[in-house]
Structure formats: C-alpha cells, structure tokens
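# Understanding the architecture of this molecule
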Amino acid sequence: MKKLASLIIKFRIGIIIGVVLLTLFFGYSLKNLTINPDIVSYFPKSDPVVQLFNYIGEEYGGNQIAIVAIEADEIFQKDVIRNIQEITADIQMLDGVSYVTSLTNVLNIKDDEFGGIEIGKLIDEYELPESLEELQAIKKYTFSKDMYRGKLISEDSKSSLIVCRLDSEADKIKVAKEIKEIINNKDLSVKALYGGIPFQLIDLSNIMLNDISLLIPIISLLIALSLFASFHSVRGVVLPLLSVAFSSIWTLGVMSIFNVPLTVISNIIPVILMAVGSAYSIHVINKFNEVVASNAKRIEQSKQALSEISFPVLLASITTIVGFVAFIFGSYLEMIRDFGLFSALGILFALIISLTFVPSVLSLLPVKKLSHSMKSKNKKGIILFMDKISIFVLKNEKLIIILGIIFFVIGILGIPKIQRSVDMLEYFKKGTNIRLTERMMEHKFGGSIPIQIIVKGDIQSPDVLKEMKKFEDFLDSQGDVKNPQSVADLIEEMNNVMGDGKVIPDSKEKITNLWFMLEGEDIMSQLVNSDYTEAIIQATIISIDTKRIDQLVKDVKAYIDNLDNPNFTFTQTGMHLIYKKLDDSMIKSQIQSLIIALVLIFLIMMVQMHSVSGGLVGLIPIFFTIASIFGVMGYFKIPLDIATVLVGSISIGIGIDYSIHFINRFKKEFAKNHIELEALEITLETTGKAIVINVVTVMLGFLVLMFANLIPLQRFGILVAITMIGSGIGAITILPAIIIITKAKFMGDWSEIKTKVIKSTRTLAYTVGLNNNGEKK
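The structure presented is a predicted model; accordingly, all values stated were derived computationally and were not measured. (Residues numbered from 1 in each chain as written. Predicted model: local features only at pLDDT ≥ 70, side-chain atom pairs only at ≥ 80, totals over all residues. Heavy atoms only, no water.)

Applying the stated criterion to the full structure yields 18 aromatic pairs. With centroids separated by 4.8 Å and ring planes inclined at 70°, the aromatic side chains of F471 and Y559 adopt a geometry described as edge-to-face. In this pair, F471 is assigned in helix α15 (residues 462-476) and Y559 in helix α19 (residues 546-561), connecting sequence segments 88 residues apart. By relative accessible area, F471 is classed as buried at 0%. Taking the relative accessible area as the measure of exposure, Y559 reaches 21% and is therefore partly exposed. The interplanar angle of 85° and the centroid separation of 5.6 Å between the aromatic rings of F568 and F570 together place this pair among those described as edge-to-face. For F568, a relative accessible area of 6% corresponds to the buried category. What makes F570 buried here is its relative accessible area of 6%. The rings of F471, F474, Y559, F568 and F570 are connected pair by pair, giving a single aromatic cluster. We note K180 situated over the ring of Y194; from NZ or CZ to the ring centre the distance is 5.0 Å. (Phe/Tyr/Trp six-rings, centres within 6.5 Å; stacked < 30°, edge-to-face > 60°. Helix = DSSP H or I, 4+ residues; strand = E, 2+ residues; numbered from the N terminus. Buried < 20%, exposed > 50% of the residue type's maximum accessible area, 1.4 Å probe, protein only. Lys NZ or Arg CZ within 6 Å of the ring centre and 35° of its normal.)

Structure follows, in structure tokens:
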C-alpha cells in the first residue's frame, strides 16, 4: 500500500483532473437515461410461468388491461352515454390498443322479430338513445343480463367501465398516457378514474422522478450537517459529498451507456451511494486529520496516512460490494440483479474516488490547526464518550454479551411473524387516486387483476364447453374471484335466446350453428383461437393478499388435477400466478443472497484475520444485527417486499465495515504493548469516532427515504437505518467484549495482560475524571 500511496500523492494533480473529466463525460451520458417501472417486464423470459403468461398476451390480444371508470349520478343519461361512446371510439384508434369494450360497443345477443337470433351492439353508436324512455329501456335490458351487470355497469348504475386491452408488444406507459390525454382534452360531463397496471406504471414513473429530485437534496443537506458537526471544517463536508456525487454520476452514466433503465429499486442507488459511499471518505479524512500535523511534512505524512487507511477501507468496500453482488447470483427478478450489479459498481467507484481524488485534494490543502478551545470541545464530546464506552466494555463484557444474546433470541422469535407482500397497489400511499380507483374497482366490479385458464381440446365439443362452464362456477365459488367469462357463456346466451334454456347444447351440430353466427365478432378472438383447439377462461380477483393468492393457486391446481379426461386439458395462468412466483422468488432470493453474502464475507474476514475463529468473531455483530432487523419486521408487521428483501444482504455488506475497521485498528494497537484497555481506548477514540460519524451519516441518509412516495422504499430506509445503528453498537460494544473475554488468539499474545490492565485502567480513569470505581470524582 505504501508504493500505491506514494504514486497517488505523486500524480495527484493528474488524478484530480482525470476524475473531473470522467465526471463530465458520464454526466453528459445521463441525457439518455430512461425509467422502466414495469416490474413484470423484469421477470425471467425463460420461466415457464412467464412464458405462458406472455403467450396469452400474444395470442389473445394482450394480457395488460387499462381501465377507464366513468362516474356520474346516473350512467344512463344522454350526455353520459355520448361521452362513453366518444371516448371508446377515440381509444380504439390508438396504436397499441387491440380491443376496447364499453356499453356502447359491447356484444349483444337477442332474439329478432322473426324468432331468430340477432347479434349486434348493446347501444348503437350511430343512433345513441336520446329520450328518457329509450334510456330507461336500455337500462332495464342491461341490468337483466349477467354479462353486463357488475362487469361493465355497477349495481348502483353510477359507474361504468371502458376496458382497453393492450397489445403484448405495446409501450404500456405510452398508451396509458395517450388514453389520459384523450380524456383530458374532452369537455366531459362525467368524472373519469383510471385503473389497471398500465395506469399504475404512469404513477410509479412520476413518483420515481419526484423521489429522485426530492430525496437527493435532502440527503445532501443532512449528510453535510452531520459531517460539519463531526469535522468542523469545509473540507470535511465538501470532499465526502463530492466523492459520492461523482460516484453516483459515474454509475448512472454507465447505466445510460449500456441502456439499463432505472427501476422502482435502482432509482435509490444515488441515495445508497450518498449514504454508504461517504463512509470511505470519512475514514480517509479522519486518518489525515490524525496523522498529517505539519505543513512542512505534509507530503510524507499524507503518504503515511493514505497507506495506513487504504487496506481497511479497501477491505470494507469489498465486503459492501459482496453484499450487493449477492443479489446478482441469488435473485429471481432481473431488476434486483441490475440493482445489485450497479450498486456494487457504484461502491467500487466511491472507493476509487475516496482513495485517489480525496487524498490528492487533502495533500494539497494546508494542515488544519484546531484551536485549543476546539480541541477541548472535541475531547469533551465524542472522544470523551468513547473513553467512557471503553471503560464500560472492560467492566461489563459479560453483561454486554448476555444482553446481546437476549436481543438476538428476541429477534429470532420475531422472524416467523414476518409477512410477505406482492401487491403493487400497496406501494402507493393511502388516499392516492390510483389506490382509490382500484378500491372502487374491487368494490363495484370485482377488481382488475386478471386470472386466465387455458383450455386445450375440441372447443366446439359439448363436453369441453360444459366443463369450461363448471370451471367458471368453481372460480365464482371462490368468493374473491369475480366475472368468470368464456366462449361457453356466449353459447349459453345464444341457446337461451333460441328458447332452449341457458345451457350448453348436447349436440355439437347445434353448437356449430350457434358458433357460426359469432364469427367475425371482436370478442371471439379474445376467447378462442382460430382453429377452435384452444380457448381461455377469464376472470378477475379482488384480493392480492399473499396467503390468499397462494391458497387460490393451490385450489385451482387441485381442481385441475382432479379432472380426468383425455379429450381436454386445463392450465392456469394470469397475474395471480405471476404474483405467486414473485412471492416464492422473494423468499428464495432472501435466503440465497444472505447465504452468499455471509459465506463470502466470512472468507474475507478469515483471510484478514488469518484465522477461522477471527472470521467468525467478525461476523458476530452481523448476526446480532440481522436477527434484530428481521425481528423488527416480524413484531412491527413490516412485510417482506421487493424493497425490504434487499435489507439483509445490504446490512451484512455495510455493517461488516465497522467490524473490519475496529478489528484492524485494535489488532494494530494491541500489538504495540499488549495493554487491552489502552488498545481499546485508542481504537475507540480514533476508529470508533469514525464509526460513530459513519453510523450517524448513513442512518440519516437512509432515513431520508421516509420522505419517499413509495411505501416499500420508506420501509427499506427505516430498516437499513436501524441496521446501521445495530451494526455500529455491535462493533464498539459486543465485538470488543467478545475479543476481550475470549482472549482471541488472532489478536496477539495475552500472557501479560492482567498487570498491564490494572495500570492502564487507573491511567484512563484519571484522564477522564473518574475514580477507581468508574464514578465521577
């Protein structure tokens, strides 16, 4: 490290210029950075569940539904019907929209004046009803039909839906925005609400942009205040902020160059880098303040400071990178893998800048001389606090370990209470328009989350159609599954109009005759394929509760498994199965990423300590922290979601930094004279001070996420902040207590410790104004 430090200080001017030029280059690249809030698009394309879901979209006109809900005092009014017809017609003209269904174009099957069947539209778009009598007649007829009531018109006749099915390849956000624009440009006499995933994605995209513009200034201000309170200097504020700003620009610039968009998760990368990446600059500045004391010897002392701090900072950054890299190998969603990759890259950039740019600038600045009053203030502040901690640890090491075990056990007991959440609607705050619309959809129309059952066989066969109808009845019996629909319903309706009852005909010949009259209708291509060998049953579900979704998938599978007929097959797909897959993947990702992170970091610690026991001791504060954080999630009902699933591995990667810095410094100080109290005192006054500053800075950085508009990010920020507190406390209390009580061999020779401890204790007690009992004089 000495040679590297010498080279950095030697070429400091070139390094400063190079860093600035690279920042300008990556900054210019940011103009091409895009946002993609669509979680479904990040599912692995090779997954059979995803493949089947996409197949439905390609074959049956798209599997993404954008819903416009029209609200009025009474839907069956002349102006309201005209508004619905105009909106329907305009949306049909949009690229990316495959089908639009509303009261003014929905299929209507009725008997004609000659006793036959007439297939047309419920409301003729060219002859809209004008008189009150016409409107009331249409209303009465509409509510007499199950295929409309509760599907397109609410029971109270105050809400009606315009259902837009989007092409599988369409830009969902673009189309949803165009739909909104059509409606906003009209002089409507009604209120329009927007539901379905495409409209949720618009809100997510806007929220992500707003969060970035809001959170970065707040976190910058909080970190600046924390740094100034710690270092009492401009350089102590500006250099850490510059290092994380540069690393954020570099990271986002690389994402832009490689066409990797920001997601619901990766949009917090700048916040993470500002909170975590500042740690490396903090430790560098702290070491320079400790070592560089003379302007005359500034260059040599700068080399010494950089060479001494480089290894622990390098090691700490590697463990943090490992925490993020674990997501690359242990995650199901591509967006979480991207988050892990580019967060790790950002940490690497922060490390490079902290070990090159920051010391280069520091070596050019004159030595900052603290006044006597400022030194006294510092001594009475954080350093005095650290001195008291060192005495407390030495006098109460057993108590500290016992308390740590108690907290660990309490945390472990809370883990089974952890809930899981995959409901995208829960990402939005209560009271937001999108959430109110979806709740209205659930209450009046049975929700907007699609369930689909693929049926293979001779779809014109009476046996197949009857079995499809039975399946619809089964879905309807689930309670929270609403509006099951298939081609079997159309055949039943036509048979009923013919006077033979609302049943599936027993004759395939009759079914074929009825079917012929449906040929060419838009709805047929949404329900059955062109050669009549495959069809789908569509429905919607109200609840996306994780346990309910899991049970529904099992119940549907059990029903399908009990079907024993070689002439047809049923297969379930839809968003409920996607959500189930997402839930399963979160559990798997959590376990895999934790194991990967723990194993890799243990190996790193073992190499650093040259000891297996040393590696295990270094991980103890991390086990304490992980148990605490998952316990908090269980006891306070914070669910495991796409954001909180990241907390465990990130906590390991960031939290281990404190153990590394503490062990590295304590080992160095203990090797000098084997006086444990003196080693502990110096370690806490120097490295411990930097740890406390870092804990406060990182904690404030992540607490800023409480101001985010997305609820999972709020939870994520709170949990990581708690994690930092736990990791910091563990590093300066539990870790030294374990080292001292176990006389850890990887720290050195403990043979002469007893007499030296007594002497050191009295010396320290005198220094901080305590008597031999640890009480104030």
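Across the chain, the average pLDDT comes to 85, with 93% of residues at 70 or higher. Element-level pLDDT for the chain is lowest in helix α25 (residues 753-768), with a mean of 41, against a maximum mean of 96 in helix α2 (residues 12-29). In this model, residues 372-379 is a region of pLDDT below 50 whose contacts with residues beyond four sequence positions or in other chains number nine contacts. Predicted confidence for residues 752-777 stays below pLDDT 50, and this span has 37 contacts to residues more than four positions away or in other chains. (pLDDT = per-residue confidence, 0-100. Contact = heavy atoms within 4.5 Å.)

In this model helix α14 (residues 433-445) runs 17 Å from its N-terminal to its C-terminal C-alpha over 13 residues, within 8% of the 18 Å that 1.5 Å per residue would give. Of all the residues in α14, the buried ones are I434, R435, T437, E438, M440, M441, E442 and F445. Directly beyond the C-terminal end of α14, a positive phi value near 85° is found at G446. (Expected span 1.5 Å × (residues − 1).)

Turning next to the side chain of Q478. Here Q478 lies in the loop between α15 and β8 (481-485). Apart from the residues lying within four places of it in its own chain, the contact partners of Q478 are R548, L552 and D555.

With a phi angle near 55°, H232 is a residue other than glycine that sits in the positive phi range. Within the secondary structure, H232 is located in the loop between α7 (197-231) and α8 (234-257). The phi torsion at K637 lies on the positive side, around 55°, for a residue other than glycine. Residue classification places K637 among the exposed residues on the basis of a relative accessible area of 57%.

Here we come to a negative patch on the surface. Taken together, the side chains of E58, E59, D95, D167 and E169 make up a negatively charged region of the molecular surface. Along the chain, E58 falls in helix α3 (residues 48-59). (Patch = residues over 30% accessible without salt bridge, like charges linked within 9 Å, V, L, I, M, F, W, Y side chains within 5 Å. Areas by Shrake-Rupley, 256 points an atom, 1.4 Å probe, with all protein chains shown as cover. Salt bridge = Lys/Arg side-chain N within 4 Å of Asp/Glu carboxyl O. Lys, Arg positive; Asp, Glu negative; His and termini not counted. Charge placed at Lys NZ, Arg CZ, Asp CG, Glu CD.)

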